[in-house]
Each structure stands twice: as structure tokens, then as C-alpha cells.
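# Geometric and topological summary
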Amino acid sequence: MRFRTLKQLTEVCASEGLTIAEVMLADQSQESGKPPEYVFEKMRAYYQIMKEAVAKGLTEDTTSRSGLTGKDAQRVASYMTTTEASLGEEACKAMAYALAVSEVNASMGRIIATPTAGSCGIIPGVFISSQQRFGWDDDHIVKGLLSAGAIGYVIANNSFVSGAEGGCQAEVGSAIGMAAGALVELRGGTPEQAMHAVGLALKNTLGLICDPVGGLVEIPCIVRNGFGAVNAMAAADMALAGVRSVIPSDEVVQVMYEVGTAMPEKHRETAKGGLAQTPTGQQIMKELNLGKKQR
Ligand code: SF4
């Protein structure tokens, strides 16, 4: 790869006159030893799986094995048809789609980890709703996935992308940053604007702990994906409007690392703190251990 930081990524884009997606495609192809067409088609196949997951989450029973979660995407989708959503239709749709994919994950369906299974709803939520809204073809979206991959590559190499290592800021936060930066490029923004979107997005999730109730990737994970899709769109809009991340995005990534490293173990996917240890969280854990069907 010709870049290890977001700054280097924008420098390569500028010096070669390429988009983030084009840099990623070329570098990924070189690194894997596969032709660019192969890498592109692989991404296209991933996108199909994302679309299938959204469709499944909106139409099938997504009740999880624990019985704790399921069908919230359908609740939001149905609400949108009868009520004017406070968010507006488009953001609400992105939220519903993100919930759908996360619920498919929780009910053991097929998803693409972006960057992890816990945060798998955010990129599909933003991309699929945006594709429908702006009429983009799949090729355009695949470029977005490449841009998101480049951003995720930098975050993973300089910080973390897993809740067990750095808390939910690393998982859901990274996905929001990836989706935000990629959405900027998909909408015609510059690589610099995309990087500002990443920084703006990451700042908003710094310190977010990983506290899954019962140790299951359900509560609060699924709703955090719904919120994440909306936050990614907000960060992309701010960046496209000219809002800058005054603290450079690479420095924000470093802060994520610093905060994640300092985070107590109980807030890093152990279910020993946070929401998992509330009275209700403990009660749920007890019932799960007894093998009782949940509410
Ligand atoms: S709370 Fe933990 S398990 Fe759930 S999405 Fe966040 S990082 Fe993943």
C-alpha cells in the first residue's frame, strides 16, 4: 500500500490525480497479486450480500435466538409509511436499512463485516439508501466500498476496529468514519473533504464503550448501527458543506487509540460493565444462563 495514514492517502490521490477508490483498487490489486477486475468484482459480490441482508431484514422474521431482538427495522420502515419521521425520509430509511442488516447478523444470517459483524449495518444502510435516492449504479457503489476500505485500512493499522480492543468507538465509530468518508466521495467531494468527514465522524464516537448485554451482539449493538448510519450522513453533509475537522483526522485516529488503550477491560466486550451490568442487563444475563426464553 502506498499509504498508512489518511494524509498520505490524500497525498497519493493528489499526486496521481486519482480518487480514493482508484488508489485503493490499484494498491489492493498489487498487494493481493490479483487483477483490478478481480478485486472490483469481489467487492461487487459483497455488495450483493449487503443488499440481500437489507431485503431479508425488512421482510423476514429476524428474531434472534435469544429472543432479545428482531424486527425493529420493520417497525421503523412501517412507521415511515404512516408518519412523517422527525429525521426525514432519507435518513430514516438509512437507519431502517442499518437496523435490518444488524438484525440479520443477530439472527445468524449472512452479512459482510464492515469492518466487523457488530458494525455491519452502517455501510449498507448508508450506501443502499443513497443508491436508491441518487440513482447510482452498482459500479459507483463498489467504488464507495473501495473508498471505505481504504479508510478502514488506515484506522485498523493505526488504532483498532474491534470492540474487544478499543471499545465500540473502534467498531461502530470506525464504520461511521468509513461510511462518511466514502459517501463524500460518492457524492463528488474531494479526498480532502472525505478525510474531514472521517475526522468529524470519529470525534463524535470517541470514548464509546463496548458493553453488549449478555455478551451478545444485540443490545446496544443493533440500535447503534441505526444511529451510526444517520451520523455518517451528517458527517458527510458537514464535510461537503465545507466544515473542517480542525484536529486532523489522523490525529483523531490516534486519540481513538489512546482512549481505547486506556479503556478498562470491563468496557471492552467483556459484558462486565456498562449496559451489560445494569440491573436489567444482569437479569437478562441470568435468564440467558438459565436457558429461559426472553421476553
Ligand atoms: S457494543 Fe461492542 S459488540 Fe456491540 S457493536 Fe459495539 S463494539 Fe460491537
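Residues numbered from 1 in each chain as written. Predicted model: local features only at pLDDT ≥ 70, side-chain atom pairs only at ≥ 80, totals over all residues. Heavy atoms only, no water.

Counted under the stated rule, the structure contains 3 aromatic pairs. Arranged with centres 5.4 Å apart and planes meeting at 80°, the rings of Phe3 and Tyr153 form a pair that is edge-to-face. Highlighted residues: Phe3 in the segment before helix H1 (6-16) and Tyr153 in helix H7 (residues 138-158), separated in sequence by 150 residues. Note on Phe160 and Tyr257: the rings are 5.2 Å apart at their centroids and 25° apart in plane angle, and the pair reads as stacked. Here Phe160 is found in the loop between H7 and helix H8 (163-166), whereas its partner Tyr257 is found in helix H12 (residues 249-262), with 97 residues between them in sequence. (Phe/Tyr/Trp six-rings, centres within 6.5 Å; stacked < 30°, edge-to-face > 60°. Helix = DSSP H or I, 4+ residues; strand = E, 2+ residues; numbered from the N terminus.)

To characterise two packed helices, one gives the angle between the axes of the helices and the distance between these axes. Axis separation between H7 and helix H9 (residues 168-186) bottoms out at 8 Å; the angle between their running directions is 135°. The angle between the axes of H7 and H9 places the two elements in the oblique class. Both H7 and H9 take part in a crossing whose hand is right-handed. Between H7 and H9, the residues in contact are His140, Ile141, Gly144, Ser147, Ala148, Ile151, Gly152 and Ile155 and Ser174, Gly177, Met178, Gly181, Ala182, Glu185 and Leu186, respectively. Classifying every residue of the contact of H7 with H9 gives 7 nonpolar, 7 polar and 1 charged. (Axes fitted to C-alpha atoms, helices over the stretch in contact; angles between N-to-C directions. Parallel < 35°, antiparallel > 145°, perpendicular 65-115°, else oblique. Left-handed = near helix turned anticlockwise from the far one by under 90°. Contact = heavy atoms within 4.5 Å. Nonpolar A, V, L, I, M, F, W, Y, C, P; charged D, E, K, R; others polar.)

This next bit is on the site of the ligand. Around the ligand lies a shell formed by Gly118, Gly163, Cys168, Glu171, Val172, Cys210, Asp211, Cys221 and Arg224. Breaking the shell around the ligand down by element, the ones donating at least two residues are H9 and helix H11 (221-240). The leading source of residues in the shell around the ligand is H9, at 3 residues. For the shell around the ligand, a count of residues per class yields 4 nonpolar, 2 polar and 3 charged. (Near = heavy atom within 4 Å.)

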